[in-house]
Amino acid sequence: MDSIEKTPTKTVDIYRDTWVRFLGYANEVGEAFRALVPVSMVWASYAVATVYVTADAVDKGKKAAAAHGDNSGKTTRVAAAVVDTFVWQALASVIIPGFTINRVCAGSLYLLGRSTRWPLPVRKWTTTAIGLSTIPFIITPIDRSVDFLLDSSLRKVYGGEEKHK
């Protein structure tokens, strides 16, 4: 007889498991292109990343509210989920990587100016390429560092039950 195996279905989180996740990297891309585009475009990339962070935090709050139903302490758990997600995402997706890519690009542009005779447009495009190629290497260390930071501080305040996933 044929037995149909039921595989557990994993709920897809659009903010973590789909292309929407890449919106969180918009500011890193903006920082990498800073030498080539108007600064208003860089700030626009930060706006996109901030909207992503906010939407993810709101989504996690709604999920926490649904998970806790009418149980006592629901408001506290929802607030903890929103705050944890927002702070984690703000640090790991916007602030720290944006600063890191900014400094990598500024440093590389400076060093290329001091050590080469390349024309300025070539140095700027090289700086952008260096910035873009740095992004994949900084994601995991930053994520782990922010987890450690929050585990050592903010999550102790509310018990860490709503840890960013």
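Our subject is the structure listed above.
Here we summarise the structure given alongside this text. The structure displayed is predicted, hence computed values, not measured ones.

1. Digging into the packing of aromatic side chains
One pass over the full model with this rule turns up 4 aromatic pairs. Note on Tyr15 and Tyr52: the rings are 6.1 Å apart at their centroids and 55° apart in plane angle, and the pair reads as tilted. In this pair, Tyr15 sits in the segment before α1 (26–32) while Tyr52 sits in helix α2 (residues 39–68), placing the two residues 37 residues apart along the sequence. Like Tyr15, the residue Tyr52 is buried in the burial classification. Between Phe33 and Trp125, the aromatic rings sit 6.4 Å apart at their centres with planes inclined by 90°, giving edge-to-face as the arrangement. Pair noted here: Phe33 is in the loop between α1 and α2 and Trp125 is in helix α4 (residues 120–151), with a separation of 92 residues, a long-range link.

2. Points about the nonpolar core
One finds Ala32, Trp88, Leu91, Ala92, Ile101, Cys105, Ile135, Ile138, Ile142, Val146 and Leu150 forming the largest nonpolar core, which totals 11 residues. Of all the elements in the fold, those that place two or more residues in this core are α3 (74–115) and α4. Formed by 9 residues, the second largest nonpolar core is a distinct cluster that contains Tyr15, Ala49, Tyr52 and Ala90.

3. Structural notes on α4
Along its 32 residues, α4 runs 44 Å from first to last C-alpha, staying within 8% of the 46 Å computed at 1.5 Å per residue. Residue Ile138 marks the point of greatest curvature in α4, where the axis turns by about 40°; the proline Pro141 follows within four residues. Among all positions of α4, only Arg123, Thr127, Thr128, Gly131, Thr134, Ile135, Ile138, Ile142, Asp143, Val146 and Leu150 are buried. Those residues of α4 hidden inside the fold are in contact with α1, α3 and α5 (154–158).

4. Some thoughts on the packing of α2 against α3
Between α2 and α3, the shortest axis-to-axis distance is 8 Å and the interhelical angle comes to 155°. Between α2 and α3, the angle is such that the two are roughly antiparallel. Of the two possible hands of crossing, α2 and α3 adopt the one that is right-handed. Each residue belonging to the contact of α2 with α3 can be placed in one class, and the counts come to 14 nonpolar, 7 polar and 4 charged.

5. Thoughts on a nonpolar patch on the surface
A cluster of nonpolar side chains, Trp19, Phe22, Leu23 and Val48, forms an exposed patch at the surface whose accessible area comes to about 440 Å². Note that Phe22 resides in the segment before α1. We classify Phe22 as exposed; its relative accessible area is 58%.

6. Examining the packing of α3 against α4
Two elements in contact, α3 and α4, have axes whose closest approach is 7 Å; the angle formed by their N-to-C orientations is 145°. α3 and α4 meet at a crossing whose hand is right-handed. Partitioning the contact of α3 with α4 into residue classes produces 18 nonpolar, 7 polar and 5 charged.

So, how was this worked out
- Residues numbered from 1 in each chain as written.
- Predicted model: local features only at pLDDT ≥ 70, side-chain atom pairs only at ≥ 80, totals over all residues.
- Heavy atoms only, no water.
- Phe/Tyr/Trp six-rings, centres within 6.5 Å; stacked < 30°, edge-to-face > 60°.
- Helix = DSSP H or I, 4+ residues; strand = E, 2+ residues; numbered from the N terminus.
- Buried < 20%, exposed > 50% of the residue type's maximum accessible area, 1.4 Å probe, protein only.
- Core = buried A, V, L, I, M, F, W, Y, C linked by side-chain atoms within 4.5 Å.
- Expected span 1.5 Å × (residues − 1).
- Bend = angle between axes of the 7 residues up to and from the residue.
- Contact = heavy atoms within 4.5 Å.
- Axes fitted to C-alpha atoms, helices over the stretch in contact; angles between N-to-C directions.
- Parallel < 35°, antiparallel > 145°, perpendicular 65-115°, else oblique.
- Left-handed = near helix turned anticlockwise from the far one by under 90°.
- Nonpolar A, V, L, I, M, F, W, Y, C, P; charged D, E, K, R; others polar.
- Patch = residues over 30% accessible without salt bridge, like charges linked within 9 Å, V, L, I, M, F, W, Y side chains within 5 Å.
- Areas by Shrake-Rupley, 256 points an atom, 1.4 Å probe, with all protein chains shown as cover.
- Salt bridge = Lys/Arg side-chain N within 4 Å of Asp/Glu carboxyl O.

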